[in-house]
Amino acid sequence: MSDAAGVLGIVVAHGEMAIGLTDAVRNITGVGPDALVPLSNRGLAPAALAAAIQREAGPRPTILFTDLPSGSCGVAARLLARHDPNLVVICGVNLPMLLDFVTHREQPLVELAARLVSKGRAAISCAAPGSGSNGNSAVSR
Amino acid sequence: MAILLYRVDERLIHGQVVVGWGNELHPDRIVVVDDELAASEWEQELYSLGLPTEMTPRFETVESTRTHLAEWEADGSRSILLTRDVRSMARVANGGLLEGRDVNLGGLHYAPGRDAVLPYVYLSPDERTALEELVAEGARVAARDLPGAKRVSAEKILARDGRGS
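Because the structure is predicted, anything quoted here is derived from the model rather than measured.

Criteria and cut-off values
One numbering rule holds for all chains: residues counted from 1, following each sequence as written. As a convention, the first chain written is A and the first ligand written is 1, with the rest following in written order. This being a predicted model, a pLDDT of at least 70 is required before a residue's local features are given, and a value of 80 or more before pairs of side-chain atoms are given or counted; all residues contribute to the totals for chains, interfaces and linings. Strands qualify as paired when DSSP identifies two bridges or more between them. Helix and strand assignments come from DSSP, with helices taken as H or I runs of at least 4 residues and strands as E runs of at least 2, each series counted from the N terminus. Fitting a line to C-alpha atoms yields each axis, with helices limited to the stretch in contact; the angle taken between N-to-C directions then spans 0 to 180 degrees. By the criterion used throughout, residues are in contact when their C-beta atoms, derived from the backbone, lie within 7 Å. Each residue gets one of three labels, nonpolar for Ala, Val, Leu, Ile, Met, Phe, Trp, Tyr, Cys and Pro, charged for Asp, Glu, Lys and Arg, and polar for the others, Gly among them. Orientation categories follow fixed angle ranges, with anything under 35 degrees roughly parallel, anything over 145 roughly antiparallel, 65 to 115 roughly perpendicular, and all other angles oblique. Helix crossings fall into two classes, left-handed where the near helix is turned counterclockwise from the far one by less than a right angle and right-handed where it is turned clockwise. Burial is judged by counting the other C-beta atoms within 10 Å of a residue's own C-beta: 20 or more makes it buried, 12 or fewer makes it exposed, and any count in between marks it as partly exposed, with every C-beta position built from the backbone. The path from the first strand over the helix to the second decides the hand: if it runs clockwise while the strands point away from the viewer, the crossover is right-handed.

Participant: Requested: an account of the sheet that holds strand β5 (residues 102-107) of chain B, with residues and values cited.
Facilitator: Residues and elements named next belong to chain B. Here seven strands make up an open sheet; going across it, the order is β3-β2-β4-β1-β5-β8-β9 and the pairing mixed. Each having just a single partner strand, β3 (56-60) and β9 (152-153) make up the two edges of the open sheet. Here strand β8 (residues 140-143) pairs with β9 via two bridges, running antiparallel. By the bridge assignment, A143 is partnered in β9 with V152.

Participant: Which residues make up unusual backbone geometry, and what values go with them?
Facilitator: Residue and element names in this part refer to chain B. We note that L12 has phi near 55°; this positive angle belongs to a residue other than glycine. Mapped onto the secondary structure, L12 falls in the loop between β1 (3-9) and α1 (15-25). Here the phi dihedral of H26 falls at roughly 50°; this positive angle occurs in a residue that is not glycine. Looking at the element boundaries, H26 is found in the loop between α1 and β2 (29-33).

Participant: Describe the sheet that holds strand β2 (residues 36-40) of chain A, listing the residues and the values that go with them.
Facilitator: All names here are of chain A. Strands sit in the order β2-β1-β3-β4 across an open sheet of four strands; the sheet is parallel. This sheet does not close on itself; its edge strands, each paired only once, are β2 and β4 (87-91). On average, adjacent strands in this sheet sit at an angle of 20° to one another, irrespective of strand direction. Here strand β1 (residues 8-13) runs beside strand β3 (residues 62-66); their pairing, made up of five bridges, is parallel. Considered in β3, the bridge of V11 is made with F65.

Participant: Kindly report on the interface of chain B and chain A, identifying the contributing residues and their values.
Facilitator: In this assembly, 14 residues from chain B lie in contact with 16 residues from chain A. Where the side of chain B that touches chain A is concerned, the elements lending two or more residues are α1 and α2 (41-48) of chain B. Residues that form the side of chain B that touches chain A fall into these classes: eight nonpolar, four polar and two charged.

Participant: Break down the packing of helix α1 (residues 17-29) of chain A against helix α4 (residues 95-103) of chain A for me, citing the residues and quoting the values.
Facilitator: Residue and element names in this part refer to chain A. Viewed as axis vectors pointing N to C, α1 and α4 meet at an angle of 55°, and their least axial separation amounts to 10 Å. In this view, α1 runs oblique relative to α4, as classed from their interaxial angle. The two elements α1 and α4 cross, and the hand of that crossing is right-handed. When α1 is examined against α4, the residues L21, A24, V25, I28 and T29 are found in contact with a partner set consisting of L95, L98, L99 and V102. Each residue belonging to the contact of α1 with α4 can be placed in one class, and the counts come to eight nonpolar, one polar and no charged.

Participant: Tell me about the pairing of β3(A), and name the residues and values.
Facilitator: Residue and element names in this part refer to chain A. Counting buried positions over the five residues of β3 gives five, a clear majority of the element. Side chains T62, L64 and T66 project from β3 onto one buried face, and the interleaved I63 and F65 project onto a second face that is buried too. Where β3 meets β4, five bridges bridge the pair, whose relative direction is parallel. Bridge pairing links T66 to C91 in β4. Between the parallel elements β3 and β4, the chain passes through helix α3 (residues 72-81) in a crossover that is right-handed.

Structure, rendered in structure tokens:
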């Protein structure tokens, strides 16, 4: 059952990554496939991957979250988004980005995408031995 | 030889090529041979996104590749040459241009009209014919998706009946 009130998210990634990320989102938030759908590129030719994305997205405003910008998932997603104003592609997906997504799906598509890129970047940190940092300050400055 | 890998992969520039083979071969140039892509600047930009800065992409037609191949093989760069399909690689090879070169089948996945040969190689009858032509041109063709994977020769691939046996 789709929740037509909000933006749909599709995680398009290599191997089992998409399933792992969507499962983690479900574990943390309880939000399921009405909002966020996993799609693996495993064994799929480019045309088949594009068709699978279109099948999942339907006519709804959708964000395609992909892993590598230079990977087959990113390429297929960008090729589709070029001709469809209801599709936005974000490459470099991470879990904090997806957690923010499922709680802000009511926002307009493009604004939401910009927000998620910002949230995803801000969540990346490094706690190096001897730095005395917990890893957050480097990204907040 | 400056072309370190000739590869047939319908995904062209993607993770296995950039990371899997890239870490093994350390190429500084990726030559994508595709008539359609050579005419589309937007798609060229798309395929170039996210490439490591040490790899320079180049998009060529089959004909321009045949013209420049000897030059690229001799110019001291470290290249990976990609085609989207077997037919394009066979056209590059026509006349013995790839004689003695190792050509890698890296990714031709399921599509209607194709039969399974390996988990990452499915071939249509026309693609089998193109593969036979490529071998007849003297190229040493084998399937291998990643550097650490087992090579499967074209002879073994062609000997399979096309239904995965």
